[in-house]
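Breakdown of the fold
Read off the chains here:
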Amino acid sequence: MTEISKLTELRKLMQSMERTLGLEELSPVERDIYYAAEELSKRNDEVRTFGLIEHTLVQSVSRPTFFRALKSLVQKGYMSQSGSANRGRYIVHGPK
Amino acid sequence: MQRWVFETLLASSAYVIASVLTFEILMPLQNIFFPEYPSHASLLFLPHGVRVLSAWLLGWRSIIALLPGVFLVFAMVGGWDVFLPSRLFAMAIAVATAPIVFYSCKWLGWDLFPNPHQRPCWLCVMGVGIVTSFLVSGLTNLTFGSAAAEYIAFLIGDISGLFFLMLGLYFGFWFFDKRSGLISREE
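Residues numbered from 1 in each chain as written. Chains lettered and ligands numbered in written order. Predicted model: local features only at pLDDT ≥ 70, side-chain atom pairs only at ≥ 80, totals over all residues.

**Comments concerning the interface of chain B and chain A**
Put simply, the rule reads: Residue pairs qualify as contacts under a 7 Å threshold applied to their C-beta atoms, which are placed from the backbone. Helix and strand assignments follow DSSP, with helices taken as H or I runs no shorter than four residues and strands as E runs no shorter than two, numbered in order from the N terminus. In this classification, the charged set is Asp, Glu, Lys and Arg, the nonpolar set is Ala, Val, Leu, Ile, Met, Phe, Trp, Tyr, Cys and Pro, and all remaining amino acids, among them Gly, are polar.
Contacts between chain B and chain A engage 20 residues on the former and 21 residues on the latter. When residues of the side of chain B that touches chain A are traced back to their parent elements, those giving at least two are α5 (122-144) and α6 (148-180) of chain B. With six residues, the top contributor of residues to the side of chain B that touches chain A is α6 of chain B. By residue class, the composition of the side of chain B that touches chain A is 14 nonpolar, two polar and four charged.

Listed below in structure tokens is the structure:
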């Protein structure tokens, strides 16, 4: 595991604490998509919707819920659409 | 090799900083607010949190990564007594117990180590921290022959230390996100 991914794991642990303590800002689906996107973004700078929807954390989520949560993540600033020509590509923000 | 050096530097520094905070700030405050408390042990022992989180993140490597920090803290507290067999044994207990508990859980089919395809369970990590605290407190008290009050104080200090360290990290990440603009964008 790289140093960045250790930081990510630590951050994920704190986020699970956040949920129990009622301090959360993201819904469970949004959080799972964000975890999955963080994991996928380690391999490539951009995350494709196609890859994201097939991630084990997201597989059980219906498509409408997935896209609603993805839109919400973009609105909240956790992810943003890639500037490249292809749609369906996202950049994950943080941890930096 | 470079990664091991980096991990060792990070984990040991975290252990030393947590110890300095505990001994130089929290314990004097404890003595002001609870002057009648009979034990000299800290009721908020942050280094236990560093031990548990290092073991969770690094596995066996946390033993090596924490050893310089633990040695430095024992030397700061006990001076040349750091080379006494009882102190060396206490150091071994301090660095090895948490990874042993995590790997025991794994061998029993309860793998709590970070996994990119699973959500981490902070309450499970707290549980390991509590079991580790029982073992560390018990073994350390056996080594030093301390009183029962010390044992209870070690337990309280370890458990609260782990919880508040995690809470501190949570707010640290939150503050970092806020400064880097991640939170303000959604408001």
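Back to the write-up after that little detour.
**Observations regarding the sheet that holds strand β3 (residues 89-92) of chain A**
Residues and elements named next belong to chain A. Heads up, the condition is: Strands are treated as partners if at least two bridges between them are detected by DSSP. Whenever a helix is involved, its axis is fitted only over the stretch in contact; in every case the axis is a line through C-alpha atoms, and angles between N-to-C directions fall within 0 to 180 degrees.
Strand order in the open sheet formed by three strands is β1-β3-β2, and the pairing between neighbours is antiparallel. A strand with exactly one partner marks an edge of an open sheet, and here the two such strands are β1 (46-48) and β2 (79-81). Strand-to-strand twist of the sheet, defined as the mean angle between neighbouring strand axes without regard to direction, takes the value 40 degrees. Judged from the three bridges that link them, β1 and β3 form a sheet pairing that is antiparallel.

**With respect to helix α2 (residues 46-58) of chain B**
Selection criterion: Helix span, expected: 1.5 Å multiplied by one less than the number of residues in the helix. To sort residues by exposure, count the other C-beta atoms lying within 10 Å of each residue's C-beta; 20 or more gives buried, 12 or fewer gives exposed, and values between give partly exposed, all with C-beta atoms placed from the backbone.
Taking 1.5 Å per residue, 13 residues should reach 18 Å; α2 of chain B reaches 18 Å between its end C-alpha atoms and fits that length. α2 of chain B sits mainly inside the fold: 13 of its 13 residues count as buried.

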